[in-house]
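Examining the three-dimensional arrangement
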Amino acid sequence: MFPLPTRRPTPAPAEGERTAPSSRTEPIRRPLPFAIALSGLAALGLVAGSLVAANAANAASGTLLSKGALTSASSSESGGLGPRFAVDGDRSTRWASNPTDDEWLRIDLGASHPLERVVLDWEAAYGSAFTVEVSDDGQSWDTVAAVTAGTGGVQTLEFTGAGRYVQFVGSDRGTGYGYSLYEFSVYGDGEVVDPEDPPVFNDEVTHHEFQANCTFSHNRPDDPIVFPGQPGASHLHTFVGNRSTDAFTTTDSLLANAGSTCTVPQDHSSYWFPALYKGTQVIEPDIPMTIYYKSGIDDYRKVQPFPQGLRFVAGDMKATVDQFRTAPGAVEGWECGGISKSWEIPDYCDPGTELNIRYQAPSCWDGMHLTPQAAKEMGHGPHMAYPVNGQCPMTHPIAVPMIEFKIAWPVSGDMSDVRLASGSDQSWHYDFFNAWEPEVLDRLVEQCINGGLQCNPRGYDLYKPHRGAVLDEQYRLIPKA
C-alpha cells in the first residue's frame, strides 16, 4: 500500500521511484535475533524481540495508528466478517477467519512508525498460540511478540520496534472455530494521515453516485490503450464521449478536443467497447448510454477522483462462460425483455425490446501506474483491482470511482446472428481513458459519491434538493458557498 492522498491523487511518480508491496498470500518470517521475557505477560507465555528503531520516549505517545487502516487476511468467514472490521473501532463488528490454525491478519499503517504495543480484543474464538510481526516492506518480517498459552479476552502485548506493516499470525486456535477479533489495535508514535473528510450530513444514504450519460460517437478499429499508435490493429470498437479518439489519442489530445457526446462538456474522457454486429451490419446504440460513477467500497467517503490520464480495461476478452458469469464486474449479464442473467447473447428477444448489458470496472488503483503497460514494464501486476470484502486491497490502496456501463442496442427478434466484434459473447469488455477537467470531477465526487447522493450529470439529487448541485443548468461550475 501507499499512503492515501490528502484529497485528490497527485500525478503518479516517475516509474521506478516506488515499488509495490508484495502480493504474497503467506507471510515471510525471519528468525528472531534475540528474545527477552516480559514479566507482566509471562503467564501468557509471551516473549518479545527488541527491534529498537526509536527510543522509548518517542514511542510513549501511544497514538492509535491502526484505526481505519487497510487490511488483508488469509481468509474471512464471510464478507461481513472481513479483516477491515478488526480496525474500525466498533466492537459490534469483528474479523473471523476460516476454522483452521494457520491464519493471519495484516494491517498497513501507511508509513513506518515507532511502535510500542498491540491490543487484541478477542471474541469467543481466540488464539492460544500466535505471533505478532512487523515489517517495513510487507515481505520480510520480524517477530516482536509470541504467545504460546493464550486464553483470549483482551490481550496487551508490549514491545519496542518499528514498521509500516503489522500482522497477527496464528498457529493454534483456542476453540474449534477460527480466530475472531473485535479489534486489533496498534499503538505507537506518529500521526495518522487520512483524506480530508467531506462534510457530514444527516440525510439517509441510499446511493453514492452520479451519471455521465453519453451517446454514440464513432466506430473505429483502434484501441489507444491496448494498441497505442497502431491504427487498425484492433477489432472494431464503438466509441462514446470524446469525438477525437483514435489510435494516437493521448491525455493532451483529449483535453485539447472539447467535442464530446457526453452530457457534461467538461468530461473530455473517452469510453469504448466492442462493436455489436447483426449479421454483417454494425448496430449503433441509439439512446444515451448510462455511465454511472459509483463507490465500489463500503466507506464511500474515502473515494478519490481519478488521476488525470488514468486508463484501464474492464472485462476479459478470453473469458469462458463461467469466468464471465463469476467475474467481479458482472452485474446481470445480457438482458432483453424479460430475460436477465444470461451469460450468452439470447437467441431471441421480444420484438421492440433492446439488448443491453451492465458491467462494473475495478475501482482500486495502485497509486503508481496510469496505464496497464507501465505496470507491466515495471514487473508489477495489474494497476487496477476490484475491492475485496468492501475495501481496497493493500496492493491497490486508493479507491477511485467505480464505473458501471449500462449500454443498450436497438436489436430484437431473431438474435441468432448477433455477435461481438471481439469474439465470443463472453469477450465483453470496455475501456476508459480519463480526461475530466479536474475541478469538476473533484466536485462531483465530493458532492455525490462522498456525500451519499443519487446525482444526475449536474451533481443534483432530485430527492434531496436542499443539497444543491455542482453545475448549473448551463453546466457551469457553481462556486462553493
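Residues numbered from 1 in each chain as written. Predicted model: local features only at pLDDT ≥ 70, side-chain atom pairs only at ≥ 80, totals over all residues. Heavy atoms only, no water.

Some remarks on the pattern of salt bridges
Tallied over the full model, the rule gives 16 salt bridges. A salt bridge links Asp222 to Arg220; its shortest N-O distance comes to 3.8 Å. In this structure Asp222 comes out as buried when scored by relative accessible area, which is 4%. Given a relative accessible area of 32%, Arg220 falls into the partly exposed group. Note that Lys278 is salt-bridged to Asp417, the shortest N-O span being 2.9 Å. A residue pair is termed long-range when its members are at least 10 positions apart, and Lys278 in strand 16 (residues 276-278) and Asp417 in the loop between strand 28 (413-414) and strand 29 (418-420) qualify at 139 residues. Here Asp417 falls in the partly exposed class, since its relative accessible area comes to 33%. Within the structure, one salt-bridge network assembled from shared partners comprises Glu209, Lys294, Arg358 and Glu404. (Salt bridge = Lys/Arg side-chain N within 4 Å of Asp/Glu carboxyl O. Buried < 20%, exposed > 50% of the residue type's maximum accessible area, 1.4 Å probe, protein only. Helix = DSSP H or I, 4+ residues; strand = E, 2+ residues; numbered from the N terminus.)

Points about the confidence of the model for the protein
Of all residues in the protein, 86% attain a pLDDT of 70 or more, and the chain-wide mean is 86. Every residue in residues 1-60 scores below 50 in pLDDT, and together they form 145 contacts with partners more than four places removed in sequence or on other chains. (pLDDT = per-residue confidence, 0-100. Contact = heavy atoms within 4.5 Å.)

Quick word on the state of the cysteines
Within the structure shown, the criterion is met by four disulfides. Between the sulfur of Cys336 and that of Cys349 lies a disulfide, 2.0 Å long from S to S. Taking the torsion about the S-S bond as the criterion, the Cys336 to Cys349 disulfide, at about -85 degrees, is left-handed. Highlighted residues: Cys336 in strand 20 (residues 330-336) and Cys349 in strand 22 (residues 348-349), separated in sequence by 13 residues. Of the two residues, Cys336 and Cys349, neither departs from the other in class, the shared state being buried. (Disulfide = S-S within 2.5 Å.)

Some remarks on the pairing of strand 15 (residues 270-274)
When you tally the buried positions in strand 15, you get five out of five residues, the bulk of the element. Of the pairings in the sheet, the one linking strand 14 (residues 237-241) to strand 15 comprises five bridges and is antiparallel in character. Paired with Gly241 across the bridge in strand 15 is Ser270. For strand 15 and strand 30 (residues 429-433), the ladder comprises three bridges, and the chain directions are antiparallel. (Pairing = 2+ DSSP bridges.)

Quick look at the environment of Ser78
Tracing the chain through its elements places Ser78 in the loop between strand 5 (70-73) and strand 6 (95-96). Here Ser78 falls in the partly exposed class, since its relative accessible area comes to 34%. In the structure, Ser78 is positioned 20 residues away from Asn98 in sequence and 8.9 Å away in space, judged by C-alpha atoms.

Comments concerning the packing of aromatic side chains
For the coordinates displayed, the defined rule picks out 27 aromatic pairs. When the ring of Phe210 is compared with that of Tyr293, the centres are 4.8 Å apart and the planes differ by 20 degrees; the resulting orientation is stacked. Of this pair, Phe210 sits in strand 12 (residues 209-211) while Tyr293 sits in strand 18 (residues 290-294), placing them 83 residues apart in sequence. There is no split in this pair, since Phe210 and Tyr293 are both buried. Measuring from ring centre to ring centre gives 6.1 Å for Trp334 and Trp428, while their planes differ by 70 degrees; the resulting arrangement is edge-to-face. (Phe/Tyr/Trp six-rings, centres within 6.5 Å; stacked < 30°, edge-to-face > 60°.)

Section: the nonpolar core
Ranked by internal contacts, the top residues of the largest apolar core, which has 61 residues, are Phe210, Tyr271, Tyr293, Ile403, Trp409, Trp428 and Trp436. When residues in this core are grouped by element, the largest group, six residues, is from helix 5 (residues 438-450). Contact partners of Trp409, with chain neighbours within four places excluded, come to Phe273, Leu276, Ile283, Glu284, Pro285, Trp334, Glu354, Leu355, Asn356, Ile357 and Trp428. The next biggest cluster of nonpolar side chains, apart from the first, holds 27 residues, and it includes Ile107, Val118, Leu120 and Leu157. (Core = buried A, V, L, I, M, F, W, Y, C linked by side-chain atoms within 4.5 Å.)

Structural notes on the environment of Glu123
Tracing the sequence through the fold places Glu123 in the loop between strand 7 (104-122) and strand 8 (127-135). Here the alpha-carbon distance between Glu123 and Trp95, two residues 28 residues apart in the chain, equals 9.2 Å.

Some points on the sheet that holds strand 29
A sheet is described by the order of its strands in space; here three strands give the open sequence 17-16-29, paired in antiparallel fashion. On the outer flanks of this sheet lie strand 17 (281-283) and strand 29, each paired with one strand and no other. Taken over all neighbouring pairs, the strand axes of this sheet differ in orientation by 35 degrees on average, direction set aside. (Axes fitted to C-alpha atoms, helices over the stretch in contact; angles between N-to-C directions.)

Remarks on the sheet that holds strand 13 (residues 216-220)
Two pairing modes exist for strands in a sheet, parallel and antiparallel, and in both the strands are linked by backbone hydrogen bonds. Spatially, 13-14-15-30-19 is the arrangement adopted by the five strands of the open sheet, whose pairing is antiparallel. Both outer strands of the open sheet, strand 13 and strand 19 (311-315), are each paired with one neighbouring strand and no more. Geometrically, the sheet is characterised by an average inter-axis angle of 20 degrees between neighbouring strands, direction not taken into account.

Quick look at the environment of Glu473
Tracing the sequence through the fold places Glu473 in the segment after strand 31 (454-455). Taking relative accessible area as the criterion, Glu473 reaches 63% and is therefore assigned exposed. It is 7.6 Å that separates the C-alpha atoms of Glu473 and Arg458, two residues lying 15 residues apart in sequence.

Considerations on unusual backbone geometry
Of note, Asn389 is a non-glycine position whose phi angle comes to about 50 degrees, a positive value. Of note, the phi angle at Tyr475 is positive, near 65 degrees, even though the residue is not glycine. Taking the relative accessible area as the measure of exposure, Tyr475 reaches 21% and is therefore partly exposed.

Re the side chain of Arg458
Note on placement: Arg458 falls in the segment after strand 31. Separated by 2.6 Å, the side chain of Arg458 and the backbone oxygen of Leu471 make a polar contact. Beyond its immediate sequence surroundings of up to four residues, Arg458 is in contact with Leu444, Ala469, Val470, Leu471, Asp472, Glu473 and Tyr475. (Polar contact = N/O pair within 3.5 Å; in protein donor to acceptor, adjacent residues only side chain to side chain.)

Structural notes on helix 5
Counting buried residues in helix 5 gives 11 out of 13 residues, a clear majority hidden from the surface. Of the residues making up helix 5, those classed as buried are Val440, Leu441, Asp442, Arg443, Leu444, Val445, Glu446, Gln447, Cys448, Ile449 and Asn450. Looking at the buried positions of helix 5, the neighbouring elements they touch are strand 12, strand 18 and strand 31. At the C-terminal side of helix 5, Gly452 shows a positive phi close to 70 degrees.

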